[in-house]
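Survey of secondary and tertiary structure
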Amino acid sequence: MKERSLKKQHPFAMLSKLTGSALLLLLPVIQQLLYRPQNAIEIIGSMGISALYAIGVITVALIFYNTCRYKRVANGIYLERGVLIKRKYTVPFENVSTITVDRNIFAAIFNAAKINIDTPAGFSKKRDISLYMRRSKTRFIIIKMLDGLKTSYVYIAGNFRMVLMSALWSNPMTGLLLLAPLIEKTGNILGKEFNSIVIKSVDFRTNLVSVGITPAAATIANILVLGWAVAMLFQFFRYARFSSKRIGDYIAITRGIGVKNERYTKIHEVSALTISRTLSMAMLKLRSAGIFAVGSGKDKGDKSLIAIAANDRELASAIKGIVGFDTHYKRRLRPEKSRFFSYIMVPLIAMGTVFAAVSLLIFVPLLDDLYFTALLISLAPLAWWIAFRIYAFYNSSIGYNKSCAMFCGYRKLSLVEYVIPYQHIQFVEIRQNLFQQHSGFCNVRVYLYYEQKAIHTPRLETVPDQWTSQICARILAHHKVILVSDLVDPQLVKDMHMDLATTVDEALEKAFEIKGKDAKVAVIPD
């Protein structure tokens, strides 16, 4: 069989690199605006420096494009890149945990797409392999990967749910439209003349939000509503046409208009399930669910949602059909009532400070109307913050069932529940500060398989025979392992990321299917 030659990326990769260096390309323009050459010599010198800037940036992009090459190898992909330090990578497809395909509007014009490949043994903070290819090539890779696999479950988010999710996930000032009457009543109490100074422009936001509000309040309201509207549109275009599927042993997630994202994750590499809801979503009895995968995670920008703004019935069906995790509690521990104040202490202090400032400014007008109104309006989100913390207190918990541990707590303005299979918990840390040591309370932190701390243990803190597990993990990261035994639990072997065969003949048959009928066999005596 003729060996494939190395190929360059799609030329759009060079344009993408130039886009990332846009600031450097703007430096000559800024220099021309600030320097303002006065004579011919200064003009020539300034243009020469500007040209050097542009040539330097373009040269770097060309080097990046010409030194990054790849090719398909047997059951994998080979990549080499670098100038001063030449790096070569070989990634077998069977060891790939996650593949993502991104395509924005500009890439679509050039018929290009960016494919990202991650493995369990790869980089912790960046993609293992990232390449620009023709769209047809990325589709060929995905079709080859999913060849022969059947779709067993499909979840599709409706348009109404997408709009609702976008509104609820955007700026927490979403309730600003509902606060206009409250602000009007507040103004009446303060003796302000509202109706005579209503802004009479045809601005849609002003007419919608600012009826009965002072110009200062209208200015702040318009800015907040504009920011919320932009955030809402961003969320909508990011998650529009959302769907998640279970295709054989893969989870397939597609989303986006303008910037389209496709994500394919092996089911046995899913290390945790997250179920999140904001206070607004809780009022509407809606929740969203996502996954974390081995070799991926938050450091690589992983936000793999599998269900968006779903009710309890839809969410339970999606979780069961896509990941199969058991989310029912066998036992659940909640915070003690004595910890209630610790949940609301920070927002309560913030609200008290602002309220004191507003009360002082009523009697001692030290600031103009704009700053006073800003302080007054800030009381609303602070009250929302307190309400959320109260909700978080009554819903936070630690629990478990037969197969998973579950941790539920707040993160920013969302209540997030983590469902983690026991085999993916690598490190548990219980921390107590001086005050907690006195009170008997503690903080619990759980590290998953993909996180850096889980795989870096100090030399003198290893457990007996840990080296055997490390060697086994190193082998599994690069090769398919088939265990021959009829005495072990098949689920245990699957959880260890190995295949099980009951006889040597069965194992050889599976191996030849993977490597081909012409593959050679090596026998190593024990």
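Residues numbered from 1 in each chain as written. Predicted model: local features only at pLDDT ≥ 70, side-chain atom pairs only at ≥ 80, totals over all residues. Heavy atoms only, no water.

This part is about the overall build of the protein chain. The helix and strand tally for the protein chain stands at 17 helices and 22 strands. Residues classed as buried in the protein chain amount to 36% of the 526 residues present. Within the protein chain, contacts between residues separated by at least 24 positions form 56% of all contacts whose residues are at least 6 apart in sequence. (Helix = DSSP H or I, 4+ residues; strand = E, 2+ residues; numbered from the N terminus. Buried < 20%, exposed > 50% of the residue type's maximum accessible area, 1.4 Å probe, protein only. Contact = heavy atoms within 4.5 Å.)

Another point: the sheet that holds strand 4 (residues 87-92). If you trace the four strands from one edge of the open sheet to the other, you get 1-2-3-4, paired in antiparallel fashion. Both edges of this open sheet fall to strand 1 (7-8) and strand 4, since each of them pairs with a single strand only. Relative to strand 2 (residues 69-73), strand 1 runs antiparallel, the two sharing two bridges. Note that in strand 2 the partner of lysine 8 across the bridge is arginine 69. (Pairing = 2+ DSSP bridges.)

All right, on to helix 5 (residues 135-145) then. Owing to its 3.6 residues per turn, the α-helix aligns residues three or four sequence positions apart on the same side. Taken together, the buried positions of helix 5 are Arg135, Thr138, Ile141, Ile142 and Met145. The buried residues of helix 5 all sit within an arc of 125° when viewed along its axis, so they share a single face. Set apart from the buried face of helix 5 by more than 90 degrees, the exposed residues are Ile143 and Lys144. Looking at the packing, one finds that the buried side of helix 5 touches strand 5 (98-103), strand 6 (112-118), strand 7 (129-134), strand 10 (250-255) and strand 11 (260-266). (Arc of directions from axis to C-beta.)

Grouped together as the largest cluster of nonpolar side chains are 34 residues, with contacts concentrated most on Tyr155, Phe242, Ile251, Leu273, Ile306, Ile308 and Val323. Of all the secondary-structure elements, those providing two or more residues to this core are strand 8 (151-156), helix 6 (159-169), strand 10, strand 12 (270-277), strand 13 (287-293), strand 14 (304-310), helix 11 (312-322) and strand 17 (404-411). Ranked by residue count, the leading element in this core is strand 14, at six residues. Excluding residues within four positions of it along the chain, isoleucine 306 makes contact with Tyr155, Phe242, Ser244, Ile251, Ile253, Leu273, Ala289, Gly290, Ile291, Ile322 and Val323. Counting residues in hydrophobic clusters, the runner-up holds 23 residues, among them Ile99, Leu131, Met145 and Tyr264. (Core = buried A, V, L, I, M, F, W, Y, C linked by side-chain atoms within 4.5 Å.)

Moving on: the packing of aromatic side chains. By the definition in use, this model includes nine aromatic pairs. Where phenylalanine 340 meets phenylalanine 393, the ring centres are 5.2 Å apart and the plane angle is 85°; that geometry is what we call edge-to-face. In this pair, phenylalanine 340 is assigned in helix 12 (residues 340-363) and phenylalanine 393 in helix 13 (residues 369-395), connecting sequence segments 53 residues apart. Since its relative accessible area comes to 26%, phenylalanine 340 is described here as partly exposed. With a centroid separation of 5.1 Å and an interplanar angle of 80°, the aromatic rings of phenylalanine 393 and tyrosine 394 are classed as edge-to-face. The rings of Phe340, Tyr343, Phe393, Tyr394 and Tyr410 are connected pair by pair, giving a single aromatic cluster. A cation sits over an aromatic face here: lysine 17 above phenylalanine 64, 4.7 Å from the ring centre. (Phe/Tyr/Trp six-rings, centres within 6.5 Å; stacked < 30°, edge-to-face > 60°. Lys NZ or Arg CZ within 6 Å of the ring centre and 35° of its normal.)

The next point concerns the pattern of salt bridges. Within this structure, the stated rule accounts for seven salt bridges. When the shortest N-O distance is used, the salt bridge between arginine 135 and glutamate 262 registers 2.7 Å. Here arginine 135, found in helix 5, pairs with glutamate 262, found in strand 11; they are 127 residues apart in sequence, far enough to count as distant. In this structure arginine 135 comes out as buried when scored by relative accessible area, which is 8%. Put simply, arginine 431 and glutamate 429 hold a salt bridge, and the shortest N to O gap is 3.2 Å. Accessibility expressed as a relative area gives 19% for glutamate 429, which makes it buried. (Salt bridge = Lys/Arg side-chain N within 4 Å of Asp/Glu carboxyl O.)

In this model, helix 12 (24 residues) spans 34 Å end to end at C-alpha, consistent with the 34 Å of a helix rising 1.5 Å per residue. Regarding helix 12, the residues found buried are Tyr343, Ile344, Pro347, Val354, Val358 and Leu361. (Expected span 1.5 Å × (residues − 1).)

Strand order across the open sheet formed by seven strands is 7-6-5-11-10-9-8, with antiparallel pairing between neighbours. Taken across any chain shown, the strands that pair with only one partner, and hence form the sheet edges, are strand 7 and strand 8. For this sheet, the mean angle separating the axes of adjacent strands, direction not counted, is 15°. Pairing between strand 6 and strand 7: six bridges, direction antiparallel. By the bridge assignment for strand 7, alanine 113 is matched with methionine 133. Contacts between helix 5 and the sheet are confined to strand 5, strand 6, strand 7, strand 10 and strand 11, with strand 7 contributing the most and set at about 115° to the helix. Contacts from helix 11 reach strand 8, strand 9 (243-247) and strand 10, with the element oriented near 150° to strand 8. (Axes fitted to C-alpha atoms, helices over the stretch in contact; angles between N-to-C directions.)

A few words on the pairing of strand 4. Two strands pair when backbone bridges link them, and strand 3 (residues 76-81) and strand 4 are joined in this way by six bridges, in the antiparallel orientation. Bridging across to strand 4, arginine 81 finds its partner in arginine 87. Where strand 3 folds back on strand 4, the antiparallel hairpin that results is connected by five residues, among which glycine 82 adopts a positive phi of roughly 110°.

We now examine the side chain of aspartate 128. Within the element layout of this structure, aspartate 128 appears in the loop between strand 6 and strand 7. In terms of polar contacts, aspartate 128 uses its side chain to reach the backbone amide nitrogen of threonine 119, at 2.6 Å. (Polar contact = N/O pair within 3.5 Å; in protein donor to acceptor, adjacent residues only side chain to side chain.)

A positive phi angle, close to 45°, is found at alanine 309, a residue other than glycine. Within the element layout of this structure, alanine 309 appears in strand 14. The phi dihedral of histidine 497 is positive, around 65°, even though this residue is not glycine.

By the secondary structure assignment, lysine 137 is in helix 5. Once the C-alpha coordinates of lysine 137 and isoleucine 115 are considered, the two residues, 22 residues apart in sequence, prove to be 9.8 Å apart. Not counting the four nearest positions on each side in its chain, lysine 137 is found in contact with Lys7 and Tyr70. Side-chain polar atoms of lysine 137 contact the side chain of tyrosine 70, separated by 3.5 Å.

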